[in-house]
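Summary of structural features
If you want the building blocks of each chain, they are given just below.
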Amino acid sequence: MKPFLITERDGAILVVRMDSPETRNALSEPSQMQAFVDLCAMVRADRSVKVVVLTGNGPAFCAGGNVKDMRDRGGIFAGSPYEVRESYRNGIQRIPLCLYDLDVPVIAAMNGPAIGAGLDLACMCDVRIAADTAKFAESFVKLGIVPGDGGAWLLPRIVGMPKASLMALTGDMIDAQTALAWGLVTEVVPLAELEASAMSLARRMASNPSHGLRLTKRLLREGQHMRLDSLLELSAAFQALAHHTEDHTEAVAAFLEKRDPEFTGR
Ligand SMILES: C/C=C/C(=O)SCCNC(=O)CCNC(=O)[C@H](O)C(C)(C)COP(=O)(O)OP(=O)(O)OC[C@H]1O[C@@H](n2cnc3c(N)ncnc32)[C@H](O)[C@@H]1OP(=O)(O)O
């Protein structure tokens, strides 16, 4: 079976492409969920990866759950209600648990529509940039189902509760310019420029010291569910570590000596 995720390295950047263009990268098979879990494990184990770029092959970023499998009750939609619940828990819900919490920044380079679980997938990333051809819908409700993979938690944290409610309760599609105005994406570029823009952003992130990147992402994530005083405690502990990294010493020296820093990841 051909792999769902194709990876390629560009220095410290790992580009990940969803590769089922014939179904617009729709999700349903347990092997697709496992591919995300394996990818996250691989990135966590490889300290040389500093940034991940996630994109889709073909005209769509990701069309969400596979509607044909919903009709046929195949993939994660198979079996009794109890079995479907277990399939969600052991299948598609493993993606937010690993991807949202990945140690390194993830940029969603949205090459086309991101619908339902496809939009939620992008929302698990740290930053989203979109082609002008992209469109977005939290459209579960149109099929009579609910955001089952974290969208009800992720989307309000990005666009705020009123706009998340609007999207989730109407299922309506929004275009790239609206997504930009709502803060769902931070940049909209012509499709032909998307990859270059994503890589440029990834390189800007990857030019920073590895510990600083990882610890900063962790603080941003932890801050979503911590009290300010608790987050300050955690920040102090992280900062104490960061101040004693070789890369911090190098960054300070390079600034004062008016030269480019050379980071080692230590
Ligand atoms: C657990 C998760 C639940 C959810 O995520 S709920 C949301 C489910 N998703 C949807 O309802 C989106 C359905 N798809 C679309 O709205 C559109 O497609 C797109 C906007 C994504 C792309 O439009 P365009 O580029 O014009 O492609 P096209 O002609 O509509 O589709 C091309 C082929 O791709 C198949 N396909 C598209 N989306 C899905 C899907 N979600 N599941 C299964 N197949 C899909 C079609 O059927 C068709 O195939 P063929 O050529 O054989 O007719």
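So, here is what we can say about the structure in this document. Values in this document were obtained by computation on a predicted structure and should not be read as measured data. (Residues numbered from 1 in each chain as written. Predicted model: local features only at pLDDT ≥ 70, side-chain atom pairs only at ≥ 80, totals over all residues. Heavy atoms only, no water.)

1. Observations regarding the packing of aromatic side chains
A ring pair, where both rings are aromatic, is described by two values, the distance of the centres and the angle of the planes. One pass over the full model with this rule turns up 3 aromatic pairs. With 5.3 Å between their ring centres and 90° between their planes, Tyr 100 and Trp 153 make a pair best called edge-to-face. One end of the pair, Tyr 100, is in helix α4 (residues 94-100); the other, Trp 153, is in helix α6 (residues 151-159), and 53 residues separate them in sequence. Look at Tyr 100 and you get buried, because its relative accessible area is 13%. By relative accessible area, which is 34% here, Trp 153 ends up partly exposed. Directly above the aromatic system of Trp 153 lies the positively charged group of Arg 157, at a separation of 3.7 Å from the ring centroid. The ring of Tyr 100 has Arg 221 lying over it, and the distance from NZ or CZ to the ring centre is 3.8 Å. (Phe/Tyr/Trp six-rings, centres within 6.5 Å; stacked < 30°, edge-to-face > 60°. Helix = DSSP H or I, 4+ residues; strand = E, 2+ residues; numbered from the N terminus. Buried < 20%, exposed > 50% of the residue type's maximum accessible area, 1.4 Å probe, protein only. Lys NZ or Arg CZ within 6 Å of the ring centre and 35° of its normal.)

2. Here we look at the state of the cysteines
Within this structure, the stated rule accounts for 0 disulfides. No disulfide involves Cys 40; its nearest neighbouring cysteine sulfur is the one of Cys 98, lying 3.2 Å away. Taking relative accessible area as the criterion, Cys 40 reaches 0% and is therefore assigned buried. Relative accessible area serves as the criterion here: at 8%, Cys 98 is assigned to the buried category. (Disulfide = S-S within 2.5 Å.)

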